[in-house]
Amino acid sequence: MTGFLAIFLAVVMGHTAHAEVSMATQVFGIKDLIEKLPNHHFQTCNLVLSTNRANFTTAESRCQQLPARVAMDRQRGTLATINSKEANDDLTMLLNIALPLKEQSKFKYAGNRWAWTGLRKVRNTDTKHIQKINKRIPYNGSDWEWYDGSTPKDFESWNRGQPDQRPLKPGKKSNEYKKSGRCQEENDCRQNQMRINHDGKWDDAFGFEEHPYACDYKGKYLVSGLEKTWTEAKEACEAIGLNLATVRSQREVEELRRALLYFLGESGFEECKGQFGHHGKQPVNKRGKVIKKKKVCASATMEERWDVEHWAWTGGNDEAKEGKFRWTDGSEVEAFANFPWIASAGKDNKAKGQAAGQNCLTISKWGEFDDSYREHKKPFACECPRG
């Protein structure tokens, strides 16, 4: 946990006022932000832990798809690289938040007591197994490798007696792993993959076992499912050295939208961008013609489209000057063309039947913005430091 926070304090520009926040407050802050994410994915600015159990190959594939799904990145993602004590502490924290140990099976090899990481044995994988520990070939860290090609020579946290590299015959089940499947390899299955437990200790494991898994995360946004007022959301982000989210391009609008869907779940209205009117008005295109609505959008009630679960706070507001929206760093919100306001939003505080005070910017899961009352409680997104 300390590494995650230290990176924030050292890297984030314009957050010097937050550096005075105590470490205890920061630790509580990150736990508070992510403990109620409803979609089985828990994150820091560097890691994503999924509690959906998978074997090693499936977990690897899902992490490869993560950048495209969340961060608009075409590069393939990887299972998490845990090559420092700080990274080890961060993942241990996530595992304890997402799957509290007291709620898990007491069996020490139960699936939810471990999470896959990206460390694999890539050399000497068929070394003959020797049952007696004192007669085994000594452990060689250079046989194990992270996805970036580095080895655990500078940091490792193996459990006592591990890695033991115990083999399993084809088609056989281990007594310890009888609920995890059986060996499907033509030759012996080997424990050539690393998993981590709630104490931050490592173990070598069979790839067919199913566990939660951790991916490296390089996205821009840290999403919280907690419903807070705009001021509370702003303070929660600042408590861990961040600001409420900003978007400076259409690409970032889409990245934030995808992050909301991935971490908070879908709304059912993802196809409705540009389909909703405002204050009972029909949406129109650039020529002023009424847009023909898709069925799912046309049938949505006002209560459904404005449900707080479909919206999240960002850092935009026009409190300094009505109608002039700025991010919390003072830069203009509408700094790029075709900023995606929901129909008639943004400068509607004086609309008939509306009181003044809709000064804070919120984004929907279908990628449109609206100004809303700061006292309303919604999920929110903080912005991660990215060089």
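Small disclaimer: the values here were computed from a predicted structure and weren't measured.

(A) Highlighting the state of the cysteines. Enumeration according to the criterion identifies 4 disulfides in this entry. Cys45 shares a disulfide with Cys384; S-S distance 2.0 Å. Note on the Cys45 and Cys384 pair: the S-S dihedral is about -85 degrees, so by sign convention the disulfide is left-handed. Residue Cys45 is found in the loop between strand S1 (41-43) and strand S2 (47-54), and its partner Cys384 is found in the segment after strand S13 (378-383); the two are separated by 339 residues along the sequence. Cys384 matches Cys45 in its accessibility class, with the two residues each being buried. Two residues share a disulfide in this structure: Cys272 and Cys297, whose sulfurs sit 2.0 Å from each other.

(B) Spatial organisation of the pattern of salt bridges. Enumeration over the complete set of coordinates arrives at 12 salt bridges. Here Lys234 ties to Glu238 by a salt bridge, and the two come within 2.8 Å at their closest N and O atoms. Of the two residues, Lys234 and Glu238 both sit in helix H5 (residues 230-238), 4 residues apart, roughly one turn of that helix. Lys234 sits in the partly exposed class, given a relative accessible area of 26%.

(C) Structural view of the pairing of strand S7 (residues 211-216). With 6 of 6 residues buried, S7 is to be regarded as a mostly interior element. Here S2 runs beside S7; their pairing, made up of 5 bridges, is antiparallel. Across the sheet, residue Ala54 finds its bridge partner in S7, namely His211.

(D) A look at the confidence of the model for the protein. Per-chain confidence: the protein averages 82 in pLDDT, with 77% of residues scoring 70 or above. Throughout residues 1-21 the model reports pLDDT below 50, and contacts reaching past four residues in sequence, or to other chains, amount to 44 contacts. Note on residues 350-354: pLDDT is under 50 here. Beyond four places in sequence and across chains, it has 5 contacts.

(E) Main features of the environment of Glu270. With respect to the helices and strands, Glu270 occurs in the loop between helix H6 (250-264) and helix H7 (295-298). In this structure Glu270 comes out as partly exposed when scored by relative accessible area, which is 22%. For the pair formed by Glu270 and Lys365, sequence separation is 95 residues and the distance between their alpha carbons is 6.5 Å. Apart from residues no more than four positions distant in its own chain, Glu270 is found in contact with Arg257, Leu261, Lys365 and Trp366. Of the polar contacts made by the side chain of Glu270, one reaches the side chain of Ser267; its length is 2.7 Å. From its side chain, Glu270 meets the backbone nitrogen of Gly268 in a polar contact 3.1 Å long.

(F) Local environment of the nonpolar core. In this structure, Leu222, Phe263 and Phe380 are the most contacted members of the largest nonpolar core, which totals 77 residues. Counting residues in hydrophobic clusters, the runner-up holds 8 residues, among them Cys272, Ala300, Trp311 and Trp366.

(G) Structural view of a negative patch on the surface. A contiguous patch of negative charge, built from Glu227, Glu303, Glu304, Asp307 and Glu309, is present on the exposed surface. Structurally, Asp307 is set in the loop between helix H8 (302-305) and strand S10 (311-317).

(H) Structural view of H6. For H6, with 15 residues, the first-to-last C-alpha span of 21 Å sits near the 21 Å given by 1.5 Å per residue. With 11 of its 15 residues buried, H6 lies for the most part within the structure. The set of residues buried in H6 consists of Glu252, Val253, Glu255, Leu256, Arg257, Ala259, Leu260, Leu261, Tyr262, Phe263 and Leu264. Looking one or two places after H6, you find Gly265, whose phi comes out positive at around 100 degrees.

(I) Quick peek at the packing of aromatic side chains. Counted according to the given criterion, the structure contains 18 aromatic pairs. In this structure, Arg120 is placed above the aromatic ring of Tyr147, and the distance from its NZ or CZ to the ring centre is 4.1 Å. In this structure, Lys378 is placed above the aromatic ring of Trp313, and the distance from its NZ or CZ to the ring centre is 5.4 Å.

Criteria and thresholds
Residues numbered from 1 in each chain as written. Predicted model: local features only at pLDDT ≥ 70, side-chain atom pairs only at ≥ 80, totals over all residues. Heavy atoms only, no water. Disulfide = S-S within 2.5 Å. Helix = DSSP H or I, 4+ residues; strand = E, 2+ residues; numbered from the N terminus. Buried < 20%, exposed > 50% of the residue type's maximum accessible area, 1.4 Å probe, protein only. Salt bridge = Lys/Arg side-chain N within 4 Å of Asp/Glu carboxyl O. Pairing = 2+ DSSP bridges. pLDDT = per-residue confidence, 0-100. Contact = heavy atoms within 4.5 Å. Polar contact = N/O pair within 3.5 Å; in protein donor to acceptor, adjacent residues only side chain to side chain. Core = buried A, V, L, I, M, F, W, Y, C linked by side-chain atoms within 4.5 Å. Patch = residues over 30% accessible without salt bridge, like charges linked within 9 Å, V, L, I, M, F, W, Y side chains within 5 Å. Areas by Shrake-Rupley, 256 points an atom, 1.4 Å probe, with all protein chains shown as cover. Lys, Arg positive; Asp, Glu negative; His and termini not counted. Charge placed at Lys NZ, Arg CZ, Asp CG, Glu CD. Expected span 1.5 Å × (residues − 1). Phe/Tyr/Trp six-rings, centres within 6.5 Å; stacked < 30°, edge-to-face > 60°. Lys NZ or Arg CZ within 6 Å of the ring centre and 35° of its normal.

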